[in-house]
Amino acid sequence: MTAPQHKPKVSEREARQVAEAAREQDWRKPSFAKELFLGRLRLDLIHPHPQPAPEDVERGEAFLAKMRDFCETRVDGRLIERESKIPDEVVNGLKELGALGMKIDTKYGGQGLTQVYYNKALALAGSASPAIGALLSAHQSIGVPQPLKLFGTQEQKDTFLPRCARTDISAFLLTEPDVGSDPARLATAAVPDGDEYVLDGVKLWTTNGVVADLLVVMARVPKSEGHKGGITAFVVEADSPGVTVENRNAFMGLRGIENGVTRFHQVRVPAANRIGPEGSGLKIALTTLNTGRLSLPAMCVGSGKWCLKIAREWAGAREQWGRPVARHEAVGAKISFIAATTFALEAMTDLSAQMADENRNDIRIEAALAKLYGSEMGWLITDELVQIRGGRGFETADSLAARGERAVPAEQMLRDMRINRIFEGSTEIMHLLIAREAVDAHLSVAGDLIDPDKTLQDKAKAGVGAAGFYAKWLPKLVAGPGQLPNSYGEFGPLAQHLRYAERSARKLARSTFYAMSRWQGRMETKQGFLGRIVDIGAELFAMSAACVRAEHLRAAGENGREAVQLADTFCRQSRIRVEELFTRLWSNTDDLDRKVVDEVLAGAYTWLEEGALDPSGDGPWIADATPGPASRDNVHRPIR
């Protein structure tokens, strides 16, 4: 049975409808970040700082000790970078260590770590080699274990989780050569045929795909009698007939990752390997990412810690004009930024992870904010380290060693970190995703008012509901505890920052309401505005998390004075960024930028391109992904 050969033709509106149908519609649990965007600083949801159970700490610390010993004695990050490959013996060592099963329940042979300790283990492994962090994260955070944990049948869990815990590497396959963050155009097909589905299509950027044993594949099931159809998730054996890894991709960073192009030609998959019902694939993918996204900021925290160590040691040893460069204000400001921001990133990530473990709160926005903020600030931290190191920051570790200096891989870290602003949802997509959740309450009560397809009767009904909601909500945005000088007094010198966060949350909510009133249905096109709204929310969440963490450490007597100082410094730096973002909500070049883009696309500025050569090679912008048999050798390389 042959799959359809055409790519779906999808309008902009249809694409939005597919994305909307995939997101979780209900809020059954409270959310600190959701409340923040509504103008309410619900500190009670995150303070006192939630704590892991003693048995979870004991199990987690024991595994971390083994992971640290393994990374110190058996991982050569420079070798992985030089050879663009994680040695098979290292991967097999990770299997023996149980690192493939860190998040898998012990009853399936896994380590049963909490999200908090899984994050710490990834930060540790990623600091030894970012490629190893990517391997472990792709396998467990978005690969087979997580979707099966959330949506798999008991039979599927019994069949696949023990393999994933010890021996089998998994990968997640969604992206296609012509399909990125717009899954409505997904072309890979899964055609029902009795008790099986027949898969045809091509997947791009399959992290772990070159070495994977098991794949989570998203494919479109055509609607037919007895089949609801829609984008559906499947577990596929990587060595199934018709599965071909056509290329191992190479990148500017993360050179050791096994990322490829995978073709499916008449691949038969048992219906028993379908995860969830037909049409639920995107919902499964997005729900999996709710906590899966936390692995990325965890590794950003690890890189921040390393950057701080190198900045401290180097800037204290390197002298210019009679004193260490750290004592020069221009360099010292960078070190302060690195230290304070690393503290805040760890606070955000640990808080979100602990809330995920407790399962009391809905953390979909918190995890997305942590990913967004961690990737952006992690990149800035690494860039600042390269600047502090000067010419040595631009020089490779091997070159430094060859001429007798310490082999500090700052330039590699910068290259490795760059992908985080694209991985698992680019910054631009994260802005839109978070913005949609941030305005959910408004769309729930007033969405029909701005929907052009709704009838006048529907709009009138929505108007009544909206009037009731806003009559109660808007007055609460006028005043709050942030205006009272004694509010949040238990936080001591950090109370002022929480008062600022509370005032700013209300201002943020007022700004969002004004924008919706002004632009109505065109709000979704104001991506610059929405991005700044989200960035303000991210800063306020980071400030809140930093204050809560610092107060917890102070009360526990664990470097409390230093933690309060770091939190205070971070909040002061963050407040400057927040004020700038508020100004840019209404004072910006968004309209002018759109006009320039129109001119660029119309070819009005091609004269500006003259005087430069284009070193790009020939070929199409997007490779052909027509279904059919493989025409290239299979470079699939399972590790045994």
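Residues numbered from 1 in each chain as written. Predicted model: local features only at pLDDT ≥ 70, side-chain atom pairs only at ≥ 80, totals over all residues. Heavy atoms only, no water.

Turning to the pattern of salt bridges, a few remarks are in order. Between side chains of opposite charge, pairing is possible as soon as their charged atoms come close. The full count for this structure, using the stated rule, is 43 salt bridges. Lys-203 is the salt-bridge partner of Glu-176, the closest N and O atoms lying 3.0 Å from each other. Taken together, the residues Glu-176 in the loop between β1 (170-173) and β2 (189-193) and Lys-203 in strand β3 (residues 196-207) connect sequence positions 27 residues apart. Accessibility assignment for this pair places Glu-176 and Lys-203 in one class, buried. Put simply, Asp-213 and Arg-640 hold a salt bridge, and the shortest N to O gap is 2.8 Å. Of this pair, Asp-213 sits in the loop between β3 and β4 (214-221) while Arg-640 is found in the segment after α23 (590-601), placing the two residues 427 residues apart along the sequence. Accessibility expressed as a relative area gives 7% for Asp-213, which makes it buried. Taken together, the shared-partner salt bridges connect Lys-120, Lys-305, Glu-346, Asp-350 and Arg-549 into one network. (Salt bridge = Lys/Arg side-chain N within 4 Å of Asp/Glu carboxyl O. Helix = DSSP H or I, 4+ residues; strand = E, 2+ residues; numbered from the N terminus. Buried < 20%, exposed > 50% of the residue type's maximum accessible area, 1.4 Å probe, protein only.)

Our focus in this paragraph is the packing of helix α5 (residues 88-97) against helix α7 (residues 130-142). Orientation of α5 relative to α7, taken along the N-to-C sense of each, is 50°, at an axis distance of 12 Å. Between α5 and α7, the angle is such that the two are oblique. The handedness of the crossing between α5 and α7 is right-handed. Listed contacts from α7 to Val-90, Val-91 and Leu-94 of α5 are Ile-132, Leu-135 and Leu-136. The class makeup of the residues in the contact of α5 with α7 is six nonpolar, no polar and no charged. (Axes fitted to C-alpha atoms, helices over the stretch in contact; angles between N-to-C directions. Parallel < 35°, antiparallel > 145°, perpendicular 65-115°, else oblique. Left-handed = near helix turned anticlockwise from the far one by under 90°. Contact = heavy atoms within 4.5 Å. Nonpolar A, V, L, I, M, F, W, Y, C, P; charged D, E, K, R; others polar.)

Below, the discussion takes up the packing of helix α20 (residues 495-519) against helix α21 (residues 527-556). Two numbers describe how α20 lies on α21: the axes approach to 10 Å, and their chain directions differ by 160°. Taken as axis vectors, α20 and α21 run roughly antiparallel relative to one another. Between α20 and α21 lies a crossing whose hand is left-handed. Together, His-497, Leu-498, Tyr-500, Ala-501, Ser-504, Ala-505, Leu-508, Ser-511, Thr-512, Ala-515 and Trp-519 of α20 and Phe-529, Ile-533, Ile-536, Gly-537, Leu-540, Met-543, Ser-544 and Cys-547 of α21 make up the contact between the two elements. Per-class residue counts for the contact of α20 with α21 are 13 nonpolar, six polar and no charged.

Here we take up empty space enclosed by the protein. Summed over all chains, the structure comprises one cavity of 30 Å³ or more. In this structure, the largest cavity encloses a volume near 60 Å³. (1 Å grid on protein atoms, 1.4 Å probe; cavity = no way out; pocket = protein on both sides within 12 Å on 5 of 7 lines; lining within 4 Å. Points joined across faces, edges and corners; volume = space filled by probe spheres on them.)

To continue, consider helix α9 (residues 154-166). Taking 1.5 Å per residue, 13 residues should reach 18 Å; α9 reaches 19 Å between its end C-alpha atoms and fits that length. The largest bend in α9 comes to about 35°, at Phe-160, with the proline Pro-162 one to four residues further on. Every buried residue of α9 is accounted for by Gln-156, Lys-157, Phe-160, Leu-161, Cys-164 and Ala-165. Elements that come into contact with the buried residues of α9 comprise α7, α8 (145-151), β4, β5 (230-237) and β8 (274-275). (Expected span 1.5 Å × (residues − 1). Bend = angle between axes of the 7 residues up to and from the residue.)

The omega angle of the peptide bond from His-47 to Pro-48 is 0°, so this bond is cis rather than trans. With respect to the element layout, Pro-48 can be found in the loop between α2 (32-37) and α3 (54-74). Positive phi outside glycine occurs at Leu-254, with the angle close to 45°. Mapped onto the secondary structure, Leu-254 falls in the loop between β6 (243-248) and β7 (259-270). Non-glycine residue Tyr-488 carries a positive phi angle of around 60°. Position of Tyr-488 among the secondary structure elements: in the loop between α19 (456-473) and α20. A relative accessible area of 14% places Tyr-488 in the buried class.

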